[in-house]
Amino acid sequence: MQNGVPAIGLRDVAKAFPGRGGTVPALRGVDLAVAAGEFFSVLGPSGCGKTTLLRVVAGFETPDRGEVRLDGASVDGVPPERRDVNTVFQSYALFPHMNVFDNVAFGLRRRGVGRAEVRERVGRMLEVVELTGREKARPDALSGGQRQRVALARALVNRPRAVLLDEPLAALDLRLRQAMQGELKRVQREVGVTFVLVTHDQGEALAMSDRVAVMNDGRIEQVGTPREVYERPRTRFVAGFVGTSNLIAGRVTEWRPEGAVLAFGADGRVVVPDASARSGEPLEIAVRPEKIGIGRDRPDDARCALRGTVADVGYLGASTTYSVATAAGDVVVYAQNDDATRTPAARGDRVWVSWHQRHSYALDAASHDDTNPDADRRPPTRSGGGPDGAVRSDAEADGSARSGAARRGGVA
Amino acid sequence: MARRGRFAPYLLVLPGGLWLLAFFLIPMTLMASLSLQSGNLIDGFRQTFHWQNYRDGIGVYGGVLARSLGYALAATVACAVLSYPAAHWIAFRAGRHKTRYLFLLVVPYFVSFVLRTFAWRQVLTDDGPLLGPLKDHGLLPTDFRVLDTGFAVIAGLTYNFLPFMALPIYVALERVDRSLPEAARDLYAGRAAAFARVLLPLSLPGVFAGAVLTFVPMAADYVNAEVLGGPDDTMVGGVVRAEYFDNGAYPTASALSFTLMAVLLVAVLAYARALGARNVLGDAA
Ligand SMILES: Nc1ncnc2c1ncn2[C@@H]1O[C@H](COP(=O)(O)OP(=O)(O)OP(=O)(O)O)[C@@H](O)[C@H]1O
Ligand SMILES: [Mg+2]
């Protein structure tokens, strides 16, 4: 999958828009390689530049610098109508004065495909998206899900090198969105076309993609399979935006063969494998809440452990969320309710939270978030902890990151 | 409470309704009755249901009526051709300065209609600032003239009614989702095809509305023809005025007015029918 010329390649692409008092950067140097046939997602909060990225690839925006290649060939100066990619717009952009058939046939007709072939290919594509029989309907007579499928068919029928989808499911209600996720995936597999899907919904990105690029503030923070991005986020932003993470900041007190050790008071000890930080250096690590166990007994010495008091218990049916105040701050724990007779902890209990050290991972010291001049506006987090350490649980990083982005967007 | 609620709509229409009754319906009825009277200014007029007034009016002034419609049609087309690009530019290219350019578009119309038309006369005179230099350089024959021709009338009409075409077109263009022309480009349509197949059809309702708003008053206009046209360029509005004020032929003038009204009504209804009322009158229909 990764060998050969990428279907879409971006090198150091930057784009800024004129705004009040100067320019607003939307892309700050993006490198990307999407392999042919891949289902690739770009995940990021609102205003981070996802739409701009797609528009640069489709040819609607000219990058200020950098290069876009489609199938290895630079498309510098090539207008949208001569790029072999098709877009599914955020608003679908179906032509309101044409019926479903004419909408889907639009691209084929512009390319001079003969009548018989147009009829055949449009008919077949409407079958794929299960809209046979609705050829004569106008877009305003269709439901949201049907419109979405017309937009998809309108792009796919041209058999482009790649289909660019800008939040194609955002306008749908939850149930339809879930149904369409499966649908999109099925169609992509059936047609075998490269998909680049832009979304701010991490669940969507993780569920559908072969690979995910996590984007923040005009930069790509990490690219990887959904598993890599979830299990090994490299920056604080990714750790907080993709799923929920407990962020623990402290200083390295000791360096052992198994990793860097951070001590929190007498009872707290956290080990990070493979951290390159030296003794005395500050280090920020992340742990997923579902990787953490909670119990009254002291865990065995090999595990990372913190002692604290249960501050909050949230019963969610399938699982329970605990918030535990420790020497390193609040730690959020998700526990499966796999034993109905047992309640491991209640509010106010003294407990241990612990996890296997392979589940702690160090975040890049200089994540873009930290080098950002307005780093003080980074997602506000529930934090606590003493002078030598703080734990953040970014349970709401999604929402707060978005508000940060919205603030940046407001400058435009 | 309930009673008040039930009558509230009628109360709301009352002021406008009274206004219409006093200043439109009553004069219209009087005019209609006048158009069927016979007599003259000295002996007075009597109601005789003299339908001959209509036949005479059409017989004598049929040509003028046809010319009026022809001039109005030509000026309507000219308005559309001139204002579409301007409206397009303001809607898509003017960026943050849209309101400024829209204002510039209508600012000449703050000057009185008659004054503007007379100003055109200055511009178009035989040795005026426009034709004078061209003749001096031998670019035009010395007896070439624009003033007092049908062309001058059409040009004046076009100029005077331009905003009534430009503004509806602008509104229609403004309402088109920006991503639609882009979607067309994305689907292999070049600039021209994207315009012809997506933007133009979607903005046609604005053109249609503009056409009604300009054609109807232009067909009845007489100022342009009187000020800029020659004796052979009279329009029906001018004839009505002359018959009424100069000749005191009230019944003839009234009959002619009603004839024009009927013709315009039929023309607009036929037009609306051909295009679908929604396209002409917007979403209100
Ligand atoms: N045409 C434009 N003119 C000015 N600023 C723009 C323009 N397009 C985008 N921007 C700015 O560029 C930044 C990135 O915008 P973009 O639309 O790419 O974000 P996005 O990730 O698609 O957001 P969303 O999830 O809300 O669609 C924002 O700050 C936005 O305000
Ligand atoms: Mg977007």
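Refer to the preceding data block for the structure.
Asker: Help me understand the overall build of chain B in this model?
Answerer: From N to C terminus, chain B includes twelve helices and two strands. Its helices and strands in sequence order give chain B the pattern α-β-β-α-α-α-α-α-α-α-α-α-α-α, from N to C terminus. By principal-axis analysis of the C-alpha atoms, chain B measures approximately 80 × 75 × 35 Å. The 285 residues of chain B split such that 39% are buried. Long-range contacts, defined as pairs at least 24 residues apart, comprise 68% of the intrachain contacts of chain B with a sequence gap of at least 6. As displayed, chain B offers around 16,000 Å² of accessible surface, 69% of which is attributable to carbon and sulfur atoms. Here chain B contributes 22 positively and 18 negatively charged side chains, and the mean placements of these two sets differ by 15 Å.

Asker: Whenever I open this one, the interface of chain A and chain B confuses me. Can you help?
Answerer: One frequent convention defines the size of an interface as the accessible area lost when the parts assemble. Taken together, the contact between chain A and chain B spans 27 residues of the former and 19 residues of the latter. When chain A packs against chain B, the two sides together hide about 1,900 Å² of surface, and 61% of this comes from carbon and sulfur. Counting the surface chain A buries against chain B, the share from its top three residues, Glu81, His97 and Arg110 of chain A, is 31%. Across the chain A-chain B interface, the total number found is two salt bridges. As a salt-bridge pair, Glu182 of chain B and Arg55 of chain A come within 2.7 Å of each other at their nearest N and O atoms. Our count for the contact surface shared by chain A and chain B stands at seven residue pairs in polar contact (both at pLDDT 80 or more). Elements with a contribution of two residues or more to the side of chain A that touches chain B: α1 (50–58), β6 (85–88) and α2 (100–110) of chain A.

Asker: How should I be thinking about the nonpolar core in this particular structure?
Answerer: Nonpolar side chains in soluble globular proteins generally cluster together in the buried interior. Counting residues in each nonpolar core, the largest one holds 58 residues, and the members touching the most others are Ile8, Leu10, Leu32 and Phe95 of chain A. Filtering out sequence-adjacent residues up to four positions away, Phe95 of chain A remains in contact with Asn103, Phe106, Pro139 and Arg154 of chain A together with Leu180, Ala183, Ala184, Leu187 and Val198 of chain B. Ala105, Val128, Leu156 and Val157 of chain A belong to the second-largest nonpolar core, a separate cluster that totals 37 residues.

Asker: Please explain a nonpolar patch on the surface as it appears in this structure.
Answerer: All names here are of chain B. Together, Phe7, Tyr10, Leu11, Leu14, Leu18, Leu20, Leu21, Phe24, Leu25, Ile26 and Leu30 make up an exposed nonpolar region whose accessible area comes to about 1,100 Å². Inspection of the secondary structure puts Leu14 in helix α1 (residues 2–34). A relative accessible area of 45% means that Leu14 is categorised as partly exposed.

Asker: Please explain helix α10 (residues 236–246) of chain B as it appears in this structure.
Answerer: Every α-helix carries 3.6 residues per turn, so stepping three or four residues along brings you back to the same face. All names here are of chain B. If you check which residues of α10 are buried, you get Val236, Gly237, Gly238, Val239, Val240 and Glu243. On its buried face, α10 sits against α2 (52–93), α8 (191–220), α9 (223–228) and α11 (250–275). Residue Gly248 follows α10 closely and has a positive phi angle near 65°.

Asker: Help me out: how do you make sense of the sheet that holds strand β2 (residues 22–34) of chain A in this one?
Answerer: Sheet strands pair via backbone hydrogen bonds, and the direction of the pair is either parallel or antiparallel. Residue and element names in this part refer to chain A. As summarised here, the arrangement of the four strands in space is β2-β1-β4-β5, forming an open sheet in which the pairing is antiparallel. Taken across any chain shown, the strands that pair with only one partner, and hence form the sheet edges, are β2 and β5 (73–74). Direction of pairing for strand β1 (residues 8–19) relative to strand β4 (residues 65–70): antiparallel, over a ladder of five bridges. The residue of β4 that forms the bridge with Ala14 is Arg65.

Asker: What's the story with the site of ligand 1 in this structure? I'm lost.
Answerer: Residue and element names in this part refer to chain A. Residues in close proximity to ligand 1 total 15 residues, the closest being Ser46, Gly47, Lys50, Thr51 and Thr52. Backbone polar atom of Gly47 to an oxygen atom of ligand 1: 2.7 Å apart, as the coordinates give it. Relative to its free-state accessible area of 630 Å², ligand 1 is covered by the protein chains to the extent of 71%. Of all elements in the fold, only β2 and α1 reach the threshold of two or more residues within the shell around ligand 1. The residue inventory of the shell around ligand 1, partitioned by class, reads six nonpolar, seven polar and two charged.

Asker: Can you walk me through the packing of α8 of chain B against α11 of chain B in this structure?
Answerer: Each pair of packed helices can be summarised by the angle the axes make with each other and by the distance between the axes. All names here are of chain B. Here α8 crosses α11 at 165°, and the two axes come no closer than 11 Å. Compared by their axis directions, α8 and α11 come out roughly antiparallel. Both α8 and α11 take part in a crossing whose hand is right-handed. Mapping the contact onto sequence places Phe208, Ala211, Val212, Phe215, Val216, Ala219 and Ala220 in α8 and Leu260, Leu264, Val268, Tyr271 and Leu275 in α11. When its residues are assigned to classes, the contact of α8 with α11 shows twelve nonpolar, no polar and no charged.

Asker: What's the story with the side chain of Asn160 of chain B in this structure? I'm lost.
Answerer: Residues and elements named next belong to chain B. Turning to its location among the elements, Asn160 is positioned in helix α6 (residues 150–175). The class for Asn160 is buried, based on a relative accessible area of 3%. Within the local environment of Asn160, its side chain forms a polar contact with the side chain of Thr117, the two groups lying 3.3 Å apart. Ignoring any residue separated from it by four or fewer positions in sequence, one finds Asn160 in contact with Tyr109, Phe113, Arg116, Thr117 and Asn224.

Asker: Quick question: what am I supposed to make of the sheet that holds strand β9 (residues 211–216) of chain A here?
Answerer: Residue and element names in this part refer to chain A. Taken in spatial order, the six strands of this open sheet run β6-β7-β8-β3-β9-β10, and their pairing is mixed. The two strands at the open ends of the sheet, each matched to only one other strand, are β6 and β10 (219–224). Pairwise comparison of adjacent strand axes, ignoring direction, gives a mean angle of 20° for this sheet. Where β9 and β10 come together, five bridges link them in antiparallel fashion. Residue Ala213 lies in a different strand from β10, and its bridge partner there is Val223.

Asker: When you look at the packing of aromatic side chains in this model, what are you seeing that I'm missing?
Answerer: Going through the model one piece at a time under the given rule, you end up with 17 aromatic pairs over all chains. An angle of 15° between the planes, with centres 5.3 Å apart, marks the rings of Phe237 of chain A and Phe241 of chain A as stacked. Here Phe241 of chain A and Phe237 of chain A lie together in helix α8 (residues 236–241), a separation of four residues that amounts to about one turn. Owing to a relative accessible area of 1%, Phe241 of chain A belongs among the buried residues under this scheme. Their ring planes at 35° and their centres at 5.6 Å tell us that Phe45 of chain B and Tyr250 of chain B sit as a pair that is tilted. Pair noted here: Phe45 of chain B is in strand β2 (residues 44–47) and Tyr250 of chain B is in helix α11, with a separation of 205 residues, a long-range link. Cluster of aromatic residues (ring-pair linked, three or more members): Phe45, Tyr244, Phe245 and Tyr250 of chain B. Sitting above the plane of the Phe106 of chain A ring, Arg110 of chain A keeps its charged end 4.7 Å from the centroid. We note Arg154 of chain A situated over the ring of Phe95 of chain A; from NZ or CZ to the ring centre the distance is 4.7 Å.

Calculation rules
Residues numbered from 1 in each chain as written. Chains lettered and ligands numbered in written order. Predicted model: local features only at pLDDT ≥ 70, side-chain atom pairs only at ≥ 80, totals over all residues. Heavy atoms only, no water. Helix = DSSP H or I, 4+ residues; strand = E, 2+ residues; numbered from the N terminus. Buried < 20%, exposed > 50% of the residue type's maximum accessible area, 1.4 Å probe, protein only. Contact = heavy atoms within 4.5 Å. Areas by Shrake-Rupley, 256 points an atom, 1.4 Å probe, with all protein chains shown as cover. Lys, Arg positive; Asp, Glu negative; His and termini not counted. Charge placed at Lys NZ, Arg CZ, Asp CG, Glu CD. Buried area = accessible area lost by both parts, 1.4 Å probe. Salt bridge = Lys/Arg side-chain N within 4 Å of Asp/Glu carboxyl O. Polar contact = N/O pair within 3.5 Å; in protein donor to acceptor, adjacent residues only side chain to side chain. Core = buried A, V, L, I, M, F, W, Y, C linked by side-chain atoms within 4.5 Å. Patch = residues over 30% accessible without salt bridge, like charges linked within 9 Å, V, L, I, M, F, W, Y side chains within 5 Å. Pairing = 2+ DSSP bridges. Near = heavy atom within 4 Å. Nonpolar A, V, L, I, M, F, W, Y, C, P; charged D, E, K, R; others polar. Axes fitted to C-alpha atoms, helices over the stretch in contact; angles between N-to-C directions. Parallel < 35°, antiparallel > 145°, perpendicular 65-115°, else oblique. Left-handed = near helix turned anticlockwise from the far one by under 90°. Phe/Tyr/Trp six-rings, centres within 6.5 Å; stacked < 30°, edge-to-face > 60°. Lys NZ or Arg CZ within 6 Å of the ring centre and 35° of its normal.

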